[in-house]
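Understanding the architecture of this molecule
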Amino acid sequence: MSPAPESKQDRRPPYQHAADELRRDILQGRIKPGEQMPSIRELQERFGVANMTARSALNVLRDEGLIYTIHGRGSFVADHNASGERSANYTAPAWYLAKDEKPGQAEQGEGGPDDAEAAADAGTTLAEVLTALRDEIRVLSADHQELRREVEELKAAQQSKP
């Protein structure tokens, strides 16, 4: 059998191929909700791509809501239902919730009765709190990216001055 003509080959960028394979791993349960995604270096080796290509693949999955990233910790699989949609009851890792523990407050993230009572006392559910936290992280991440772009533009402008 002869190879497919050049016009029939998939011409999508490599990051899309990597994102497709990672998405398939997530949706088929090979990487479960709450589990950490492979590191950038591991993705580079697995797919034979550059650092930025691996990052772009993760960005696609983050934009789709399949993963979330915590600065300095890595990327983690978000909760999703069997059809691949994100679940409304998204939960962050227990270690992340526990670091914000306040004196006199029950340890968060364990799902025990104290969590439900504290959320009920506050007039909000734990899922609502976590969703708000996730949304805030996404906004901060977008702001961070915008600031990085501005810094790069300023650096470029500074270098072009005589």
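Residues numbered from 1 in each chain as written. Predicted model: local features only at pLDDT ≥ 70, side-chain atom pairs only at ≥ 80, totals over all residues. Heavy atoms only, no water.

**Focus on the overall build of the protein chain**
- Of regular secondary structure, the protein chain possesses six helices and two strands.
- By the burial criterion, 24% of the 162 residues in the protein chain qualify as buried.
- In the protein chain, of all internal contacts separated by at least 6 residues, the share reaching a separation of at least 24 is 49%.
- Surface exposure of the protein chain reaches about 11200 Å², of which carbon and sulfur atoms provide 52%. (Helix = DSSP H or I, 4+ residues; strand = E, 2+ residues; numbered from the N terminus. Buried < 20%, exposed > 50% of the residue type's maximum accessible area, 1.4 Å probe, protein only. Contact = heavy atoms within 4.5 Å. Areas by Shrake-Rupley, 256 points an atom, 1.4 Å probe, with all protein chains shown as cover.)

**Side note on helix α1 (residues 14–27)**
- Taking 1.5 Å of rise per residue, 14 residues should cover 20 Å, and α1 covers 20 Å from first to last C-alpha, within 8% of that figure.
- Of all the residues in α1, the buried ones are Ala18, Ala19, Asp20, Leu22, Arg23, Asp25 and Ile26.
- Each element contacted by the buried residues of α1 is listed here: α2 (40–47), α3 (51–63), β1 (67–70) and β2 (74–77). (Expected span 1.5 Å × (residues − 1).)

**Some remarks on the UniProt feature "coiled-coil region" (unreviewed entry) in the protein chain**
- When the UniProt feature table is mapped to this numbering, "coiled-coil region" (unreviewed entry) covers residues 130–157.
- The span residues 130–157 is 100% helix and 0% strand, and its two end C-alpha atoms sit 41 Å from each other. (UniProt positions renumbered as here; feature names shortened; annotations may be inferred.)

**A word on the packing of α2 against α3**
- Following both chains from N to C, one finds α2 and α3 inclined at 105 degrees, their axes separated by 9 Å at the closest point. Relative to α3, α2 is oriented roughly perpendicular. Here Ile40, Leu43 and Gln44 of α2 come into contact with α3, specifically with Asn51, Ala54, Arg55 and Leu58.
- Residue classes in the contact of α2 with α3 are distributed as four nonpolar, two polar and one charged. (Axes fitted to C-alpha atoms, helices over the stretch in contact; angles between N-to-C directions. Parallel < 35°, antiparallel > 145°, perpendicular 65-115°, else oblique. Nonpolar A, V, L, I, M, F, W, Y, C, P; charged D, E, K, R; others polar.)

**A word on the layout of surface pockets**
- Roughly 1200 Å³ of volume is contained in the largest pocket.
- Mapped onto the lining of the largest pocket, the elements with two or more residues apiece are α3, β1, β2 and α6 (126–160).
- No other element matches the 11 residues that α6 contributes to the lining of the largest pocket.
- For the lining of the largest pocket, the per-class residue count stands at 14 nonpolar, 12 polar and seven charged. (1 Å grid on protein atoms, 1.4 Å probe; cavity = no way out; pocket = protein on both sides within 12 Å on 5 of 7 lines; lining within 4 Å. Points joined across faces, edges and corners; volume = space filled by probe spheres on them.)

**Here we look at the side chain of Asp25**
- Within the element layout of this structure, Asp25 appears in helix α1.
- There is a polar contact of 2.6 Å between the side chain of Asp25 and the side chain of Arg46.
- Contacts of Asp25, omitting those with residues within four sequence positions, involve Arg30, Ile31 and Arg46. (Polar contact = N/O pair within 3.5 Å; in protein donor to acceptor, adjacent residues only side chain to side chain.)

**Quick notes on a negative patch on the surface**
- A cluster of acidic residues, Asp143, Glu146, Glu150 and Glu153, forms a negative patch on the protein surface.
- The residue Glu146 is located in helix α6 in this model. (Patch = residues over 30% accessible without salt bridge, like charges linked within 9 Å, V, L, I, M, F, W, Y side chains within 5 Å. Salt bridge = Lys/Arg side-chain N within 4 Å of Asp/Glu carboxyl O. Lys, Arg positive; Asp, Glu negative; His and termini not counted. Charge placed at Lys NZ, Arg CZ, Asp CG, Glu CD.)

**Regarding the environment of Arg62**
- Considering the arrangement of structural elements, one finds Arg62 in helix α3.
- Relative accessible area serves as the criterion here: at 23%, Arg62 is assigned to the partly exposed category.
- Residues Arg62 and Arg138 lie 76 residues apart in sequence; the distance between their C-alpha atoms is 9.3 Å.
- Setting aside anything within four residues of it in sequence, one finds Arg62 in contact with Ile67, Thr69 and Ser75.
- Among the polar contacts made by the side chain of Arg62, one reaches the side chain of Asn59 at a distance of 2.3 Å.

**Let's talk about the nonpolar core**
- Formed by 17 residues in total, the largest nonpolar core has its most connected members in Leu22, Ile26, Met37, Leu58, Leu61 and Ile67.
- Broken down by secondary-structure element, the contributors of at least two residues to this core are α1, α2 and α3.
- The element that contributes the greatest number of residues to this core is α3, accounting for five residues. (Core = buried A, V, L, I, M, F, W, Y, C linked by side-chain atoms within 4.5 Å.)

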